[in-house]
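Understanding the architecture of this molecule
Next come the chains, spelled out residue by residue.
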Amino acid sequence: MIKAGIIGSTGYAGGELVRILSGHKDVEIKWYGSRSYIDQKYADVYRNMFQIVDDVCMDDNMEKLAAQVDVIFTATPQGLCASLVNEEILSQTKIIDLSADFRLKDVKVYEEWYKIEHKAPQFIDEAVYGLCEVNRDAVRGARLVANPGCYTTCSILTAYPLAKEGLIDMNTLIVDAKSGTSGAGRGAKLPNLYCEVNENIKAYGVAVHRHTPEIEEQLGYASGEKVTINFTPHLVPMNRGILATEYASLKKNVSWEEVKAVYDKYYADEKFVRVLEKGQYPETKWVEGSNYVDIGFQIDPRTNRIIMMGAIDNLVKGAAGQAVQNMNLMFGLEESEGLELVPLFP
């Protein structure tokens, strides 16, 4: 059995990790870390775990934890993992970090967008960006994986094949994305109160959202050029889900069938990427509770643009599910183990 520890187990992504790993046949959770609920029963924090998890919450002592487990998940705010990790810890255990601490390869870009000093820049080059469908081989040999962000997972996978094949003008790419409120975390924040969110949709982080450089960096690797995008996220009154609608100019005239063939080249054998049929477009309700990414597209010959659309569950494929997918690769397990989650409906 793989022994796992979770730091930040009582946040939304941490709670989803517990839910998924509780059903994973090869994993035993040994440590439920949470600064806010130390010595409290985990099932008193999340009542859905009543008579399923009997453990109490512990602190975030990564050094003590590293000696007890094979893998540590850090589902924590930016800066914490980087402040705790060191060579001794990494020599004992693997780390899958769900924060942004090791996603960006340029420490100056990280510090500019996140407004904090990076505490462990010596590990940035080693860290593998854990987008499994793109970096699967590198993930297998990693001891430190940077789990991608939720908006970025959806945005990158939706455009990746077309960027890789040079079908779209990357200078024209616009990403318009909507997320459920769980993406903002479990902390009490005035903008996320029921009366503020219900019957409302609003843009936020306009032109300054911290996932922007992550999308640009990864699509830059795909296209082989510097990428600068407009990315605008929106908050919508639902618990889960992200829908990204992306617009870009085509470099040449192509048919729907030709574009579909490009998507199939990269995703036909991908368990968790579903490219939809002609005239079908992604909806968040068809991926809720699952590790799937649904992708659709429409060519607009009038403007010579393509509209690409992707949908994920932000807490599963956008966070915990992808982290488990990375763990499976790192330990030589079947990549889909524990993730055969049929989308919930209604």
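Now for a description of the structure that goes with this document. All figures in this text were calculated on a predicted structure; none of them were measured in a lab.

**Quick word on helix α10 (residues 212-223)**
- For α10, which comprises twelve residues, the first-to-last C-alpha distance of 16 Å matches the rise-based estimate of 16 Å (1.5 Å per residue) to within 8%.
- Within α10, eleven of the twelve residues are buried, which leaves it mostly tucked inside the rest of the structure.
- Among all positions of α10, only T212, P213, E214, I215, E216, E217, Q218, L219, G220, A222 and S223 are buried.
- Of the surrounding secondary structure, the elements contacted by the buried residues of α10 are α6 (107-114), β5 (128-129), α7 (132-140), α8 (150-164) and β9 (230-235).

**Thoughts on the packing of α7 against helix α12 (residues 316-330)**
- Running from N to C, α7 and α12 point in directions that differ by 40°, and their axes come no closer than 9 Å. Helix-helix and strand crossings are classified by hand; for α7 and α12 the assignment is right-handed. When α7 is examined against α12, the residues C132, E133, R136, V139 and R140 are found in contact with a partner set consisting of K317, Q322, Q325, N326, L329 and M330.
- When the residues that make up the contact of α7 with α12 are grouped by side-chain class, the tally is four nonpolar, three polar and four charged.

**A word on helix α11 (residues 256-267)**
- Its twelve residues give α11 an end-to-end C-alpha distance of 16 Å, which sits within 8% of 16 Å, the value for a rise of 1.5 Å per residue.
- Within α11, burial applies to W256, V259, K260, V262, Y263 and Y267. An end-on view of α11 places all buried positions within 155° of arc, on one side of the element.
- On its buried side, α11 packs onto α8, β11 (273-275), β12 (293-300) and β13 (305-312).

**Observations concerning the packing of aromatic side chains**
- By the definition in use, this model includes ten aromatic pairs.
- Ring centres of W286 and F345 lie 4.7 Å apart, and the angle between their planes is 35°; on these two criteria the pair is classed as tilted. Of the two residues, W286 is situated in the loop between β11 and β12 and F345 in the segment after α12; the sequence distance between them amounts to 59 residues.
- Residue W286 is classed as partly exposed on the basis of its relative accessible area, which comes to 37%.
- Assessed through its relative accessible area of 51%, F345 is described here as exposed.
- Every member of this aromatic cluster is reached through a ring pair, and the members are W256, Y263, Y267 and F297.

Reading the values: the criteria
The numbering scheme is per chain: residues are counted from 1 as the chain's sequence reads. Selection of residues for local features in this predicted model requires a pLDDT of at least 70, selection of side-chain atom pairs for listing and counting requires 80 or more, and totals for whole chains, interfaces and linings are taken over all residues. With hydrogens and water excluded, all non-hydrogen atoms of the structure serve as input to the side-chain values. Numbering of helices and strands runs from the N terminus; a helix is a DSSP stretch of H or I covering at least four residues, while a strand is a stretch of E covering at least two. Multiplying one less than the number of residues by 1.5 Å gives the expected span of a helix. Partly exposed describes any residue whose relative accessible area lies between the buried limit of under 20% and the exposed limit of over 50%, with all areas from a 1.4 Å probe on protein chains only and scaled to the type maximum. In this description, contact between two residues means that some pair of their heavy atoms is separated by no more than 4.5 Å. Convention adopted: a line fitted to C-alpha atoms gives each axis, helices being fitted over their contacting stretch, and angles between N-to-C directions are expressed from 0 to 180 degrees. The hand of a helix crossing depends on one turn: near helix anticlockwise from the far one by less than a right angle means left-handed, and clockwise means right-handed. Side-chain classes follow a simple rule in which Ala, Val, Leu, Ile, Met, Phe, Trp, Tyr, Cys and Pro form the nonpolar group, Asp, Glu, Lys and Arg form the charged group, and the remainder, Gly included, forms the polar group. The arc in question is the one traced by the directions running from the helix axis out to the C-beta atoms. Pairing of aromatic rings covers Phe, Tyr and Trp, the last through its six-membered ring, and needs centres within 6.5 Å; plane angles under 30 degrees mean stacked, over 60 mean edge-to-face, and all others mean tilted.

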